[in-house]
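Now for the letters of each chain:
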Amino acid sequence: MKRSSDAEKQQLEHDAAKLFLRCYEQQTGIHMRHIWHNEPNRPDVSCYQENQQLDKEVAHLYASETEAMAVLGRPLSIQMQRDLADMAQQPSEHRLQSALERLLKQKATKRYYSKRTWLLIRNASTIWHKSDFEAAVKKVCFPNTHQFEQIWLLCDFYRGELLRVDH
(Lines give C-alpha, C1' and ligand atoms only; values in the text may rest on other atoms or scores of the structure.)
Protein backbone atom coordinates (compact mmCIF):
# COMPACT_ATOMS: atom_id res chain seq x y z
CA MET A 1 0.00 0.00 0.00
CA LYS A 2 1.27 3.47 -0.88
CA ARG A 3 2.12 5.92 1.86
CA SER A 4 -0.30 8.83 2.13
CA SER A 5 2.44 11.34 1.16
CA ASP A 6 3.04 9.38 -2.06
CA ALA A 7 -0.68 9.42 -2.79
CA GLU A 8 -0.84 13.17 -2.10
CA LYS A 9 2.14 13.81 -4.40
CA GLN A 10 0.59 11.68 -7.13
CA GLN A 11 -2.72 13.56 -6.77
CA LEU A 12 -0.94 16.93 -7.08
CA GLU A 13 0.87 15.67 -10.20
CA HIS A 14 -2.36 14.33 -11.69
CA ASP A 15 -4.22 17.59 -11.02
CA ALA A 16 -1.40 19.62 -12.61
CA ALA A 17 -1.29 17.34 -15.67
CA LYS A 18 -5.08 17.48 -16.06
CA LEU A 19 -5.11 21.29 -15.88
CA PHE A 20 -2.20 21.46 -18.32
CA LEU A 21 -3.93 19.19 -20.85
CA ARG A 22 -7.08 21.32 -20.77
CA CYS A 23 -5.11 24.58 -21.13
CA TYR A 24 -2.80 23.22 -23.82
CA GLU A 25 -5.73 22.02 -25.92
CA GLN A 26 -7.44 25.41 -25.60
CA GLN A 27 -4.26 27.29 -26.48
CA THR A 28 -3.03 25.12 -29.38
CA GLY A 29 -6.01 23.12 -30.61
CA ILE A 30 -3.90 19.94 -30.32
CA HIS A 31 -5.66 17.11 -28.49
CA MET A 32 -4.12 15.44 -25.46
CA ARG A 33 -5.75 12.48 -23.73
CA HIS A 34 -5.45 9.71 -21.15
CA ILE A 35 -3.22 10.62 -18.22
CA TRP A 36 -1.45 7.79 -16.40
CA HIS A 37 1.26 7.70 -13.72
CA ASN A 38 4.65 6.09 -14.14
CA GLU A 39 7.14 4.25 -11.97
CA PRO A 40 10.51 5.74 -10.91
CA ASN A 41 13.09 6.35 -13.67
CA ARG A 42 10.27 7.62 -15.86
CA PRO A 43 8.65 11.04 -15.85
CA ASP A 44 5.75 11.48 -13.40
CA VAL A 45 2.87 11.21 -15.87
CA SER A 46 2.24 10.30 -19.48
CA CYS A 47 -0.50 11.03 -21.98
CA TYR A 48 -1.13 11.00 -25.69
CA GLN A 49 -0.53 14.12 -27.74
CA GLU A 50 -2.65 13.33 -30.75
CA ASN A 51 -1.35 9.77 -31.43
CA GLN A 52 2.11 10.07 -29.86
CA GLN A 53 3.02 9.27 -26.28
CA LEU A 54 4.29 12.26 -24.34
CA ASP A 55 5.84 12.05 -20.88
CA LYS A 56 5.76 14.92 -18.40
CA GLU A 57 7.84 15.59 -15.33
CA VAL A 58 5.73 17.71 -12.96
CA ALA A 59 7.23 20.19 -10.50
CA HIS A 60 5.58 22.63 -8.13
CA LEU A 61 7.08 26.05 -7.44
CA TYR A 62 6.76 27.63 -3.99
CA ALA A 63 7.65 31.09 -2.69
CA SER A 64 8.35 29.98 0.88
CA GLU A 65 8.79 26.98 3.13
CA THR A 66 5.49 27.76 4.87
CA GLU A 67 3.67 27.84 1.55
CA ALA A 68 5.22 24.56 0.44
CA MET A 69 4.30 22.85 3.68
CA ALA A 70 0.72 24.12 3.41
CA VAL A 71 0.35 22.83 -0.16
CA LEU A 72 2.08 19.52 0.48
CA GLY A 73 0.57 18.98 3.90
CA ARG A 74 3.78 17.51 5.30
CA PRO A 75 7.29 18.36 6.55
CA LEU A 76 9.97 19.25 4.00
CA SER A 77 13.37 17.63 3.55
CA ILE A 78 16.37 19.43 5.06
CA GLN A 79 17.71 20.25 1.57
CA MET A 80 14.37 21.71 0.45
CA GLN A 81 14.23 23.78 3.66
CA ARG A 82 17.74 25.10 2.93
CA ASP A 83 16.90 25.91 -0.68
CA LEU A 84 13.72 27.74 0.31
CA ALA A 85 15.52 29.62 3.10
CA ASP A 86 18.25 30.72 0.65
CA MET A 87 15.60 31.85 -1.79
CA ALA A 88 13.79 33.84 0.93
CA GLN A 89 17.00 35.81 1.52
CA GLN A 90 16.98 37.06 -2.07
CA PRO A 91 15.53 40.55 -2.76
CA SER A 92 11.85 40.15 -3.69
CA GLU A 93 12.38 41.02 -7.36
CA HIS A 94 14.95 38.21 -7.61
CA ARG A 95 13.04 35.58 -5.62
CA LEU A 96 11.02 34.25 -8.53
CA GLN A 97 14.03 34.09 -10.84
CA SER A 98 16.02 32.35 -8.10
CA ALA A 99 13.21 29.86 -7.47
CA LEU A 100 12.87 29.02 -11.16
CA GLU A 101 16.61 28.61 -11.62
CA ARG A 102 16.87 26.34 -8.56
CA LEU A 103 14.02 24.14 -9.82
CA LEU A 104 15.39 23.99 -13.38
CA LYS A 105 18.87 23.13 -12.12
CA GLN A 106 17.47 20.34 -9.96
CA LYS A 107 15.35 18.87 -12.77
CA ALA A 108 18.19 19.14 -15.33
CA THR A 109 20.19 16.55 -13.38
CA LYS A 110 17.51 13.87 -13.74
CA ARG A 111 17.58 11.25 -16.49
CA TYR A 112 14.52 9.38 -17.70
CA TYR A 113 13.71 6.39 -19.85
CA SER A 114 11.59 8.36 -22.28
CA LYS A 115 11.62 9.37 -25.94
CA ARG A 116 9.77 12.66 -25.38
CA THR A 117 9.73 14.46 -22.04
CA TRP A 118 8.31 17.86 -21.21
CA LEU A 119 8.75 19.65 -17.91
CA LEU A 120 5.59 21.11 -16.40
CA ILE A 121 6.11 23.64 -13.61
CA ARG A 122 3.00 24.52 -11.66
CA ASN A 123 3.07 27.73 -9.65
CA ALA A 124 1.85 26.88 -6.14
CA SER A 125 2.34 30.38 -4.79
CA THR A 126 -0.33 33.02 -4.38
CA ILE A 127 2.20 35.85 -4.59
CA TRP A 128 3.34 35.22 -8.19
CA HIS A 129 1.19 35.78 -11.26
CA LYS A 130 1.56 35.41 -15.03
CA SER A 131 3.01 38.92 -15.47
CA ASP A 132 5.69 38.10 -12.86
CA PHE A 133 6.64 34.95 -14.77
CA GLU A 134 6.70 36.72 -18.14
CA ALA A 135 9.24 39.21 -16.72
CA ALA A 136 11.28 36.61 -14.82
CA VAL A 137 11.73 34.04 -17.60
CA LYS A 138 13.51 36.65 -19.74
CA LYS A 139 16.27 36.72 -17.08
CA VAL A 140 16.37 33.05 -16.12
CA CYS A 141 19.60 31.18 -16.81
CA PHE A 142 18.49 27.83 -18.18
CA PRO A 143 20.80 24.84 -17.65
CA ASN A 144 22.94 24.12 -20.72
CA THR A 145 21.85 20.50 -20.79
CA HIS A 146 18.57 18.93 -19.81
CA GLN A 147 16.34 16.19 -21.15
CA PHE A 148 13.24 18.29 -21.78
CA GLU A 149 11.87 18.81 -25.26
CA GLN A 150 9.72 21.68 -23.96
CA ILE A 151 9.25 23.48 -20.63
CA TRP A 152 5.81 24.81 -19.67
CA LEU A 153 4.57 26.83 -16.75
CA LEU A 154 1.09 26.86 -15.25
CA CYS A 155 1.14 30.38 -13.82
CA ASP A 156 -1.82 29.88 -11.48
CA PHE A 157 -2.52 26.88 -9.25
CA TYR A 158 -6.20 26.66 -10.26
CA ARG A 159 -6.65 28.51 -13.54
CA GLY A 160 -5.24 27.86 -16.95
CA GLU A 161 -2.66 30.56 -17.45
CA LEU A 162 -0.13 28.66 -19.53
CA LEU A 163 3.28 29.95 -20.59
CA ARG A 164 6.00 28.18 -22.57
CA VAL A 165 9.31 29.09 -20.97
CA ASP A 166 12.07 27.13 -22.71
CA HIS A 167 14.49 28.80 -25.07
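I will try to describe carefully the structure that is included in this document. (Residues numbered from 1 in each chain as written. Predicted model: local features only at pLDDT ≥ 70, side-chain atom pairs only at ≥ 80, totals over all residues. Heavy atoms only, no water.)

1. Points about the pairing of strand β5 (residues 150-154)
If a strand is regular, its side chains alternate between the two faces of the sheet.
So, point 1. When you tally the buried positions in β5, you get five out of five residues, the bulk of the element.
So, point 2. The alternating pattern of β5 places Q150, W152 and L154 on one face and I151 and L153 on the opposite face, and all of these are buried.
So, point 3. Across five bridges, strand β4 (residues 117-123) lies against β5 in parallel orientation. Bridge pairing in β5 links I121 to L153.
So, point 4. In terms of handedness, the path from β4 via helix α5 (residues 130-137) over to β5 forms a crossover that is right-handed.
So, point 5. With three bridges connecting them, β5 and strand β6 (residues 162-164) associate as antiparallel partners. For L154, the partnering residue across the bridge sits in β6 and is L162. (Buried < 20%, exposed > 50% of the residue type's maximum accessible area, 1.4 Å probe, protein only. Helix = DSSP H or I, 4+ residues; strand = E, 2+ residues; numbered from the N terminus. Pairing = 2+ DSSP bridges. Right-handed = clockwise from strand over helix to strand, strands pointing away.)

2. Some details on the packing of aromatic side chains
So, point 1. Taken as a whole and assessed by the stated rule, the structure comprises ten aromatic pairs.
So, point 2. When the ring centre of F157 is taken as origin, the NZ or CZ atom of R122, which lies over that ring, is 3.8 Å away. (Phe/Tyr/Trp six-rings, centres within 6.5 Å; stacked < 30°, edge-to-face > 60°. Lys NZ or Arg CZ within 6 Å of the ring centre and 35° of its normal.)

3. As for the environment of A124
So, point 1. Within the element layout of this structure, A124 appears in the loop between β4 and α5.
So, point 2. Between the C-alpha atoms of A124 and A63, which are 61 residues apart in sequence, the distance is 8.0 Å.

4. Here we look at the pattern of salt bridges
So, point 1. Inspection of the entire model under this criterion finds ten salt bridges.
So, point 2. Taking the shortest distance from any N to any O, the salt bridge between E13 and K9 comes out at 2.3 Å. Taken together, the residues E13 and K9, both in helix α1 (residues 4-28) and four residues apart, mark about one turn of the helix.
So, point 3. The partly exposed category is assigned to K9, whose relative accessible area is 39%.
So, point 4. K9 is paired through a salt bridge with D44; the nearest N and O atoms lie 3.8 Å apart. (Salt bridge = Lys/Arg side-chain N within 4 Å of Asp/Glu carboxyl O.)

Shape is all these values report; function is a separate question.
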